[in-house]
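Examining the three-dimensional arrangement
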Amino acid sequence: MAVKINLENKSLIPVEFGELSFSIDVSDRGKEHLISLVNKYDKETDGIELEVTDQKTYMKAVETMKSVLERVYDDLFGVGSFKKIYDKYPDVILLSGSFVEVCEGVITEYDKRTGKEKMDKYLNQKQRKAK
């Protein structure tokens, strides 16, 4: 008797923004891509000040942030995805926070799917027994 393991779609994690649904590839290549997007996002948003001082400065910061978010969202979920999300939720601060939540959520979900928690528990029990 053979053990059959279905590997299809195991590397896709669904992500929902309200009624809009997307998925993220968390295969080895997908994780590497996600990490590069996080680094790109951090680098490009460093120094953007969204504090309201005057309308001109604020609007410039919003446009810059919108441009950065469009690049990372479209790169992560597919071309045009940012426009769909922004049309529904036109708030760069909200969507910036959502990008961070997506990254954290994907990592958590990936850990669950890979059995990281089970492996950590197993290793901890093994260490306790060794003492």
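Sequence order sets the numbering: in each chain, residues are counted from 1 along the sequence as written. Two thresholds apply to this predicted model, a pLDDT of at least 70 for residue-level local features and 80 or more for giving and counting side-chain atom pairs, whereas whole-chain, interface and lining totals are computed over all residues. Derived side-chain values reflect all non-hydrogen atoms in the structure, with water molecules and hydrogen atoms excluded from consideration.

**Points about the overall build of the protein chain**
Only DSSP runs of H or I with at least four residues qualify as helices, and only runs of E with at least two residues qualify as strands; both kinds are numbered from the N terminus onward. Scanning the protein chain from terminus to terminus reveals five helices and two strands. Starting at the N terminus and ending at the C terminus, the protein chain contains elements arranged as β-β-α-α-α-α-α. The globule rule is 2.2 Å times the number of residues to the power 0.38, and the radius of gyration it is compared with is taken over C-alpha atoms. Against the compact-globule benchmark of 14 Å for 131 residues, the protein chain has a radius of gyration of 19 Å, which places it well outside the compact range. C-alpha extents for the protein chain along the principal axes are approximately 65 × 40 × 25 Å. For every residue, the accessible area (1.4 Å probe, protein chains only) is compared with the maximum for its type, and the residue is labelled buried under 20%, exposed over 50%, or partly exposed between those bounds. Across the 131 residues in the protein chain, those meeting the buried criterion constitute 27%. Across the protein chain, the fraction of contacts at a sequence separation of at least 24, relative to all contacts at a separation of at least 6, is 59%. Working rule for contacts: check all heavy atoms of both residues, and any pair within 4.5 Å makes them a contact.

**Overview of the side chain of T45**
Note that T45 resides in helix α1 (residues 28-45). Residue class for T45 comes out buried when judged on its relative accessible area of 15%. The term polar contact refers here to a pair of N or O atoms within 3.5 Å; inside protein, the definition further demands a hydrogen-donor-capable atom paired with an acceptor-capable atom, and it admits residues adjacent in sequence only when both atoms are side-chain atoms. Engagement of the side chain of T45 in a polar contact is seen with the backbone oxygen of Y41, the distance being 2.7 Å. For T45, the contacting residues outside a window of four places in its chain are M65 and V68.

**Re the nonpolar core**
F17, I24, L69, Y73, L76, F77 and V102 are the most contacted members of the largest nonpolar core, which totals 27 residues. For this core, the element with the most residues is helix α2 (residues 55-77), which contributes eight residues. With sequence-adjacent residues up to four places away left out, V102 is seen in contact with V15, F17, I24, L76 and F77. Here the nonpolar core consists of buried residues drawn from Ala, Val, Leu, Ile, Met, Phe, Trp, Tyr and Cys, with membership extended through side-chain atoms lying within 4.5 Å.

**Focus on the side chain of D74**
Structurally, the position occupied by D74 is in helix α2. The convention is simple: Lys and Arg are positive, Asp and Glu are negative, and His and the chain ends are not counted. Basic side-chain nitrogens of Lys or Arg form a salt bridge, by our definition, when they fall within 4 Å of a carboxyl oxygen of Asp or Glu. As a buried residue without a salt bridge, D74 has its nearest oppositely charged side chain in K84, at a separation of 8.9 Å. At 3.2 Å, the side chain of D74 and the backbone nitrogen of S81 are in polar contact. Discounting residues that sit within four places of it in the chain, D74 has contacts with L69, V79, G80, S81 and F82.

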